[in-house]
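Below are the chains, spelled out letter by letter.
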Amino acid sequence: MDADRPPIEVKGLTMKYGPLVVMQDLTFQVRRGEVFVIMGGSGSGKSTLLKHLIGLKEPAEGVILFDGEDFGEADAKARKAILRRMGVLYQNGALWSGLTLEENVALPLEEYTSLDAEAIGEVVSLKLALVGLRGFEAFYPSEISGGMRKRAALARATAVDPEVLFFDEPSSGLDPITASRLDDLILQLRASFGTTIVVVSHDLASIFKIADRALFLDIEARTMTALGSPVELRENPPTEEVRRFLTRNSGGDPPVPDFDRMRVPLP
Amino acid sequence: MQVELRQQGDTLTAALTGDWESGDATPRFVRLLEDRAAGHALRTIDFDASGLGAWDSSLLTFLMQAMTYCETHDLEFRNESLPQDIARLLQLSRAVPEKKIDREEPEASPVARFGKKAVVAYEGFLATVAFTGEVVDGFTRLILRRVRVRWRDFWVVVQSNSSGALPIVTLIAFLMGVIISFLGAVVLRRFGAGYYVSYLVGYGMLREMGALMTGIIMAGRTGAGFAAELGSMKITEEIDAFKTLGISPIDHLVLPRMLGLFVMMPLLTIYADFIGIIGGAIVALAFLDITVTQFITGLLTAVTLGDGLLGLFKGTVFGLIIGLAGCVKGMQAGSDAGAVGRAATSAVVMGITLIIAANAVIDWLAVLLEV
């Protein structure tokens, strides 16, 4: 691991849904140890970009480098080595419903380490305790609340101490207080482990709280139109769209909501 | 809810009175216009809401009709006399111009449609072949002991396909034996060859029906179950979670399920054979002039070990087919609730079709090899 090399580098990425181009010409780097937020309106391709970054989707054009290695080119073994170094928190947790919380967190450890059952058990207890779920080891995901599920998923995502953590809409479906606690947890992780964190979000409160830098995906322009600290972007917005997004101004005359800003792109 | 139309010069005033609530029949604006006595040509439509009571969307739909009528007939629609809330809602409904979104694809020629379907089918076929390859690869690694299989999933499958499946297998296999025996009784008795009914039941159950019926039951029961289970896991991103942790969903989800069926199908086939023969025997003893000893002797002279092994082989193959069809359809499922249903349906269709096709091929090979 080269400390100067950006953990994630995206060059000229084009994303497509079938024949439809969602976003094009995306070029950016995520710096080591920062909280990097991908923001944009609904349907702008934030989650799709995340899927590209974690290797679930292949770029239509361009390359994504993970610590200098091309994901698409890597063979099975190299891919697994890369995946070992990243953790993902899915929108609804995506805990394996057939396994208890303990087994959920233990599975990555069994897969990647040669620890014995007792040692794994200790790590699992620690990870669950860190997200405030001590005593819930034997519960199944369906038996706990949505917020707890996200925290358990965070315990699973951090089980093997990844270098980069990805969050897909961490605050969606959570009340403001729980969402804010999750943000605290994200900042704590970064402070303690120096983890690089990539967050997909459209929650302004959360963006301003956690982001070092933020990338704005513009639905209309079909590309990124801003990259920088959210506070600076709000002070000096490069485009009208960014200003509207960061100041929560829908743009139309007050009594009439601007439906155009809500629509999803059609081919 | 009532509307009264009053005309003064070229202005029509609609007086709205009473409570307007959804559920009661709403008057149609155009109908009211038609019903009024013919008079002056209209230029303006106005409202009188002084007698209006409680109102909800039913009033709005009525006013929308009036507004649309005004737009199409070039009349002035006066909303000043309506309560402000209503006027604002009407204004809101016209805030964005109507978008003509053409979602229908242009009508394609039959040839183009056929071509498109063929391409989709071909791509589906390729995906299935690729998936089968991955499963074979998984099995190879399993034999080389390079995979850690979740044995718990395996045991769950074994359990649900043993004690869980026995009642239905018992019922169907028993009735199958009964049917074969009846068929034999009717046909063979004509030739005075009722004694040979045990041949028929033995051959029929061991070589064909035992494995085939068990396969069809399991395709409907377990194959659909696999597809629905994996399809749901796809929707909740659980499969993605495996992938991004570098854990192969094939090793972890597909192999234990297929192994479970691989082990259980031959056992269920033996059981179905046995139950079927008992069913056949009962009919033979009841309707034909045969004793238990005669039936058993007939069975033993007719049936060879090869017949039983052929059935067992079929059962094993069917087990793999069902597991593969269920898993492939589940893993290929789309991401809405309907997709899970479609995945389960197509898993059953694919499973049963392939089972019957495989049955024909195996029978043909058996004849060639004189088994």
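Residues numbered from 1 in each chain as written. Chains lettered and ligands numbered in written order. Predicted model: local features only at pLDDT ≥ 70, side-chain atom pairs only at ≥ 80, totals over all residues.

Student: Honestly, the overall build of chain A in this entry has me stumped. Any pointers?
Tutor: Scanning chain A from N- to C-terminus turns up nine helices and 10 strands. Taken against the 2.2 N^0.38 rule, which gives 18 Å for 267 residues, the C-alpha radius of gyration of chain A at 19 Å falls within 12% of a compact globule. Projecting the C-alpha coordinates of chain A onto the three principal axes gives extents of approximately 60 × 45 × 35 Å. Taking all 267 residues of chain A together, 39% fall into the buried category. Taking contacts inside chain A between residues at least 6 apart in sequence as the whole, the part at least 24 apart equals 65%. (Helix = DSSP H or I, 4+ residues; strand = E, 2+ residues; numbered from the N terminus. Rg over C-alpha atoms; globule rule 2.2 N^0.38 Å. Buried ≥ 20, exposed ≤ 12 C-beta atoms within 10 Å, placed from the backbone. Contact = placed C-beta atoms within 7 Å.)

Student: Can you help me understand the overall build of chain B in this one?
Tutor: Along the backbone of chain B there are 12 helices and four strands. Here the C-alpha radius of gyration of chain B, 35 Å, is well above what a compact globule of 371 residues would show, namely 21 Å. Across the 371 residues that make up chain B, the buried fraction comes to 34%. Counting only contacts in chain B whose residues sit at least 6 apart along the sequence, the fraction spanning at least 24 positions is 84%.

Student: Hey, could you run me through the interface of chain B and chain A in this one?
Tutor: Taken together, the contact pairs 15 residues of chain B with 19 residues of chain A. Elements represented by at least two residues in the side of chain B that touches chain A include exactly helix H3 (84-93) and helix H8 (238-244) of chain B. Top element by residues in the side of chain B that touches chain A is H8 of chain B. It accounts for five residues. Class assignment of the residues belonging to the side of chain B that touches chain A gives a composition of seven nonpolar, three polar and five charged. (Nonpolar A, V, L, I, M, F, W, Y, C, P; charged D, E, K, R; others polar.)

Student: Looking at this structure, I do not really get the nonpolar core. What am I missing?
Tutor: Within soluble globular proteins, side chains that are nonpolar generally end up buried alongside one another. Counting 134 residues, the largest nonpolar core has Val-37, Ile-38, Phe-166, Val-198 and Phe-216 of chain A together with Met-258 and Ala-347 of chain B as the members making the most contacts within it. The residues contacting Met-258 of chain B, other than those within four sequence positions of it, are Val-135, Leu-320, Gly-323, Leu-324 and Cys-327 of chain B. Counting residues in hydrophobic clusters, the runner-up holds 13 residues, among them Trp-20, Phe-29, Trp-55 and Ala-66 of chain B. (Core = buried A, V, L, I, M, F, W, Y, C linked by C-beta atoms within 7 Å.)

Student: Would you explain the domain arrangement of chain B in this entry?
Tutor: How big an interface is tends to be reported as the loss of accessible area on association of its parts. For chain B, the assigned domains read domain 1 (2-93) and domain 2 (147-369). For domain 1 of chain B and domain 2 of chain B, the distance between their C-alpha centres works out to 68 Å. (Domains from an automatic or database assignment.)

Student: Looking at this structure, how should I read the sheet that holds strand E10 (residues 223-228) of chain A?
Tutor: Sheet strands pair by backbone hydrogen bonding; their relative direction is either parallel or antiparallel. Residue and element names in this part refer to chain A. Strand order across the open sheet formed by six strands is E6-E7-E8-E3-E9-E10, with mixed pairing between neighbours. Looking at which strands have only one partner, the edges of the open sheet turn out to be strand E6 (86-89) and E10. Neighbour to neighbour, the strand axes of the sheet diverge by 15 degrees on average, direction disregarded. Strands E6 and strand E7 (164-168) of the sheet are contacted by helix H5 (residues 146-157), whose axis makes an angle of about 170 degrees with E6. (Pairing = 2+ DSSP bridges. Axes fitted to C-alpha atoms, helices over the stretch in contact; angles between N-to-C directions.)

Student: What am I meant to see in the confidence of the model for chain B here?
Tutor: Low-pLDDT stretches of the model should not have their predicted coordinates read in fine detail. Residues and elements named next belong to chain B. Per-residue confidence for chain B gives a mean pLDDT of 88, with 98% of residues at or over 70. Across chain B, the secondary-structure element scoring lowest on mean pLDDT is helix H1 (residues 29-35), at 81, and the one scoring highest is helix H11 (residues 305-331), at 94. Reported confidences for the modelled complex are a pTM of 0.77 and an ipTM of 0.82. (pLDDT = per-residue confidence, 0-100.)

Student: Quick question: what am I supposed to make of helix H4 (residues 117-130) of chain A here?
Tutor: Because each turn of an α-helix spans 3.6 residues, side chains separated by three or four positions in sequence point in the same direction. Residues and elements named next belong to chain A. Between its first and last C-alpha atoms H4 spans 20 Å; for 14 residues at 1.5 Å apiece the expected length is 20 Å, and the two agree. For H4, the full list of buried residues reads Val-124, Lys-127 and Leu-128. Considered in projection along H4, the buried side chains sweep an arc of 95 degrees and stay on one side of the axis. In H4, the exposed positions angled more than 90 degrees off the buried face are occupied by Glu-118, Ala-119, Glu-122 and Ala-129. Looking at the packing, one finds that the buried side of H4 touches helix H3 (101-112) and H5. Within two residues after H4, Gly-132 carries a phi angle of roughly 75 degrees, on the positive side. (Expected span 1.5 Å × (residues − 1). Arc of directions from axis to C-beta.)

Student: Explain the packing of helix H5 (residues 151-160) of chain B against helix H9 (residues 249-287) of chain B here, please?
Tutor: When two helices pack together, their arrangement is given by the angle between their axes and by how far apart the axes lie. All names here are of chain B. Between H5 and H9, the least distance of the axes is 8 Å, while the angle of their chain directions is 40 degrees. When the interaxial angle is binned, H5 and H9 end up oblique. The element H5 and its partner H9 pack so that their crossing is right-handed. Of H9, the residues touching H5 (which contributes Trp-151, Asp-153, Phe-154, Val-157 and Val-158) are Pro-256, Arg-257, Leu-259, Gly-260, Leu-261, Val-263 and Met-264. Taken together, the residues that form the contact of H5 with H9 break down as nine nonpolar, one polar and two charged. (Parallel < 35°, antiparallel > 145°, perpendicular 65-115°, else oblique. Left-handed = near helix turned anticlockwise from the far one by under 90°.)

Student: Looking at this model, I keep getting lost on the sheet that holds strand E3 (residues 44-55) of chain B. Mind explaining?
Tutor: Spatial ordering of the open sheet is given by E1-E2-E3-E4 (chain B), a layout of four strands whose pairing is mixed. Edge positions in the sheet fall to strand E1 (2-8) and strand E4 (76-77) of chain B, since each of these pairs with one other strand and no more.

Student: Is there a simple way to think about the environment of Ala-138 of chain A in this case?
Tutor: Residues and elements named next belong to chain A. Tracing the backbone through its elements, the reader meets Ala-138 in the loop between H4 and H5. A C-alpha to C-alpha distance of 6.3 Å links Ala-138 and Leu-101, two positions 37 residues apart in sequence. Ignoring anything within four residues of it in the chain, the contact list for Ala-138 reads Thr-100 and Glu-102.

Student: Looking at this structure, how should I read the confidence of the model for chain A?
Tutor: All names here are of chain A. On average, residues of chain A score 85 in pLDDT, and 92% of them reach the 70 mark or higher. Counted against residues more than four places away or in other chains, residues 251-258, with its pLDDT under 50, gives 10 contacts. Long-range and interchain partners of residues 260-267, a stretch whose pLDDT sits below 50, account for nine contacts in this model, where long-range means more than four residues apart.

Student: What am I meant to see in the environment of Ala-221 of chain A here?
Tutor: By secondary structure assignment, the location of Ala-221 of chain A is in the loop between strand E9 (213-218) and E10. Separated by 87 residues in the primary sequence, Ala-221 of chain A and Arg-134 of chain A have C-alpha atoms spaced 47 Å apart.

Student: Explain the pairing of E10 of chain A here, please?
Tutor: All names here are of chain A. Note that E9 and E10 share five bridges and pair antiparallel. Directly across from Leu-215, in E10, lies its bridge partner Leu-227. Where E9 folds back onto E10 in an antiparallel hairpin, the turn is made up of four residues, including Arg-222, whose phi is positive at roughly 60 degrees.

Student: Explanation requested: unusual backbone geometry in the structure shown.
Tutor: When glycine is set aside, most residues are seen to have a negative phi, and most peptide bonds are trans. With a phi close to 60 degrees, Arg-222 of chain A is a non-glycine residue in the positive phi region. Mapped onto the elements of the fold, Arg-222 of chain A is located in the loop between E9 and E10. Look at Arg-222 of chain A and you get partly exposed, because 19 C-beta atoms sit within 10 Å. Not every positive phi belongs to a glycine, and Glu-237 of chain B is a case in point at roughly 65 degrees. Among the structural elements, Glu-237 of chain B can be located in the loop between helix H7 (197-235) and H8. In this structure Glu-237 of chain B comes out as buried when scored by C-beta crowding, with 22 C-beta atoms within 10 Å.

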